Amino acid sequence: MGSCENSFYSRRCLYGGVMEYGEAVRIAFETCKLLQENFSSWDDMVGSHTLGYQLWRGKRKKDRLKYYKRLKKSSWIYRSAPWDTVLKEEEL
């Protein structure tokens with residue numbers, strides 16, 4: 001499972017009552033740290049995720065990239081947070 005999906009499914013498990021809040025936050029924190037270690041920017045991460053999705057689907061799928069480009073022009077919360085934000089577990 002990819003890092004983006006890891007974060008997505010931990011939220012789903014939390015909302016569905018399958019996982020406790022603390023566990024979901026821990027998984028999300030670990031996922032964010034992995035993403036920061038392996039990618040240089042939001043664009044780098046989304047580009048990799050989009051390419052992986054296309055390979056998984058077996059065909060080019062441009063809708064996700066178009067959606068991301070629209071998000072970049074908006075006040076999307078993830079775009080407003082600098083990629084290199086120092087993450088501290090004790091602040092969760």
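Being a predicted model, the structure only gives us computed values, none of them experimental.

Chemist: Just checking my understanding: could you explain the overall build of the chain for this structure?
Modeler: A tally of helices and strands in the chain yields five helices and zero strands. Listing the helices and strands of the chain from first to last along the sequence gives α-α-α-α-α. The buried share of the chain, reckoned over its 92 residues, is 18%. Of all intrachain contacts in the chain linking residues separated by at least 6 positions in sequence, the fraction that spans at least 24 positions is 56%. Here the chain has roughly 7,100 Å² of accessible surface; of this, 55% comes from carbon and sulfur atoms.

Chemist: Looking at this structure, how should I read the packing of helix 3 (residues 42-57) against helix 4 (residues 63-73)?
Modeler: When two helices pack together, their arrangement is given by the angle between the helix axes and by the axis-to-axis distance. Interhelical geometry of helix 3 versus helix 4 gives an angle of 160 degrees and a closest axis separation of 10 Å. As far as their axial angle goes, helix 4 and helix 3 are roughly antiparallel. Considering only the axes of helix 3 and helix 4, their crossing is right-handed. From helix 3, Trp-42, Asp-43, Val-46, His-49, Thr-50 and Tyr-53 reach across to helix 4, where they touch Arg-64, Leu-65, Tyr-68 and Lys-72. Within the contact of helix 3 with helix 4, the residues separate by chemical class into five nonpolar, two polar and three charged.

Chemist: I would appreciate a short explanation of the nonpolar core in the present structure.
Modeler: Ranked by size, the top nonpolar core spans six residues in total: Leu-35, Trp-42, Met-45, Val-46, Tyr-68 and Trp-83. Of all the elements, helix 3 adds the most residues to this core, at three residues.

Basis of the calculations
Residues numbered from 1 in each chain as written. Predicted model: local features only at pLDDT ≥ 70, side-chain atom pairs only at ≥ 80, totals over all residues. Heavy atoms only, no water. Helix = DSSP H or I, 4+ residues; strand = E, 2+ residues; numbered from the N terminus. Buried < 20%, exposed > 50% of the residue type's maximum accessible area, 1.4 Å probe, protein only. Contact = heavy atoms within 4.5 Å. Areas by Shrake-Rupley, 256 points an atom, 1.4 Å probe, with all protein chains shown as cover. Axes fitted to C-alpha atoms, helices over the stretch in contact; angles between N-to-C directions. Parallel < 35°, antiparallel > 145°, perpendicular 65-115°, else oblique. Left-handed = near helix turned anticlockwise from the far one by under 90°. Nonpolar A, V, L, I, M, F, W, Y, C, P; charged D, E, K, R; others polar. Core = buried A, V, L, I, M, F, W, Y, C linked by side-chain atoms within 4.5 Å.

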